[in-house]
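A closer look at the structure
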Amino acid sequence: MSGGALAAPDGRLRCPWGLSTEDYLAYHDTEWGRPVHGDDALFERLCLEAFQSGLSWLTILRRRETFRTAFGGFRIEAVAKFTGTDRERLLADPGIIRNKAKVDATLANAKVLAGWQSGELDELIWSYAPDPAGRPAPRTQSDVPAVTPESTALAKELKKRSIRFVGPTTAYALMQACGLVDDHLADCVARGGGMPR
């Protein structure tokens, strides 16, 4: 998709990817690019972005509630206490993505993060938010990068701290989803936190 913002059924311009399904439209309008804070909330996004790797985000979005149930609401302290029995339960759950490497990374990451101070994950991730003044608003989808120096640095720092399954592309998807960057197209109604009415 290399075009600019497109008119939705309500006549307002939006990023083209947000118009392909009702699920995407709701996610685009109310979540994507809006600031997310809190260790558990960021842990959830980190996990879901890792599970999305190699798949469509729509696959994850449609299974998100099942993921939340399976992973104890993505509360770091709860997931850190998961046992081998929980791992087997997860790998048998058809409602999530049953990828051993991704499940194992989620469980290992929770154990690592449980040893961090409260707010440390939030502070670390947000410390990599680039200065918005240095980022012109993308005019077309082709203007939106897949990787940036900041996402590469964030992925490197997370890996250094033993966080698994987060490369530069996944880190950038996290930055987009959690509002560290605003990659809504310049003409999109949701740019800058705008909310369709």
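A brief structural summary. It should be emphasised that the depicted structure is a prediction, and the values quoted were computed from it without experimental measurement. (Residues numbered from 1 in each chain as written. Predicted model: local features only at pLDDT ≥ 70, side-chain atom pairs only at ≥ 80, totals over all residues. Heavy atoms only, no water.)

Moving on to the state of the cysteines. Taken as a whole and assessed by the stated rule, the structure comprises zero disulfides. Looking at Cys15, it has no disulfide partner, and the nearest cysteine sulfur is the one in Cys188, 3.8 Å off. For Cys47, which is in no disulfide, the shortest distance to another cysteine sulfur is to Cys178 and amounts to 11 Å. The exposure class of Cys47 is buried, given its relative accessible area of 3%. (Disulfide = S-S within 2.5 Å. Buried < 20%, exposed > 50% of the residue type's maximum accessible area, 1.4 Å probe, protein only.)

Moving on to the packing of helix 8 (residues 149-160) against helix 9 (residues 168-177). At a minimum axis distance of 8 Å, the contact between helix 8 and helix 9 shows a crossing angle of 110°. Put simply, helix 8 runs roughly perpendicular to helix 9. Relative to helix 9, helix 8 is oriented so that their crossing is right-handed. Contacts between helix 8 and helix 9 pair Glu150, Ser151, Thr152, Leu154 and Ala155 from the former with Pro168, Ala171, Tyr172 and Met175 from the latter. Grouping the amino acids of the contact of helix 8 with helix 9 by side-chain chemistry returns six nonpolar, two polar and one charged. (Axes fitted to C-alpha atoms, helices over the stretch in contact; angles between N-to-C directions. Helix = DSSP H or I, 4+ residues; strand = E, 2+ residues; numbered from the N terminus. Parallel < 35°, antiparallel > 145°, perpendicular 65-115°, else oblique. Left-handed = near helix turned anticlockwise from the far one by under 90°. Contact = heavy atoms within 4.5 Å. Nonpolar A, V, L, I, M, F, W, Y, C, P; charged D, E, K, R; others polar.)

Let's shift gears to the packing of aromatic side chains. Going through the model one piece at a time under the given rule, you end up with ten aromatic pairs. With a centroid separation of 6.1 Å and 70° between ring planes, the pair formed by Phe43 and Phe74 is classed as edge-to-face. Of this pair, Phe43 sits in helix 2 (residues 39-52) while Phe74 sits in the loop between helix 3 (57-70) and helix 4 (76-80), and the two are 31 residues apart along the sequence. We classify Phe74 as buried; its relative accessible area is 0%. An aromatic cluster is defined as three or more aromatic residues linked by ring pairs; in this entry it consists of Phe43, Phe51, Phe67, Phe71, Phe74 and Phe82. Arg161 extends its terminal NZ or CZ atom over the ring of Trp116, reaching a point 5.3 Å from the ring centre. (Phe/Tyr/Trp six-rings, centres within 6.5 Å; stacked < 30°, edge-to-face > 60°. Lys NZ or Arg CZ within 6 Å of the ring centre and 35° of its normal.)

Between helix 1 (residues 22-30) and helix 3, the shortest axis-to-axis distance is 10 Å and the interhelical angle comes to 85°. With respect to helix 3, the element helix 1 is oriented roughly perpendicular. Here Asp23, Tyr24 and Tyr27 of helix 1 lie close against helix 3, whose contacting residues are Trp57, Leu58, Leu61, Arg62 and Arg64. The residue inventory of the contact of helix 1 with helix 3, partitioned by class, reads five nonpolar, no polar and three charged.

Formed by 55 residues in total, the largest nonpolar core has its most connected members in Phe43, Phe67, Phe71 and Leu90. Look past the residues within four positions of Leu90 in its chain and what remains in contact with it is Ala70, Phe71, Phe82, Ile96, Arg98, Val103 and Leu107. (Core = buried A, V, L, I, M, F, W, Y, C linked by side-chain atoms within 4.5 Å.)

To continue, consider the environment of Pro149. In this structure, Pro149 sits in helix 8. Separated by 19 residues in sequence, Pro149 and Pro168 have C-alpha atoms that sit 8.5 Å apart.

In this section: the pattern of salt bridges. In the structure shown here, the tally under the stated rule is 15 salt bridges. Arg62 is the salt-bridge partner of Asp23, the closest N and O atoms lying 2.7 Å from each other. Of this pair, Asp23 sits in helix 1 while Arg62 is found in helix 3, placing the two residues 39 residues apart along the sequence. Salt bridges linked by common partners bring Glu120, Glu157, Lys160 and Arg161 together as one network. (Salt bridge = Lys/Arg side-chain N within 4 Å of Asp/Glu carboxyl O.)

What follows deals with the environment of Leu124. Its place among the elements puts Leu124 in helix 7 (residues 120-126). Among the residues examined, Leu124 registers a relative accessible area of 8% and is labelled buried.

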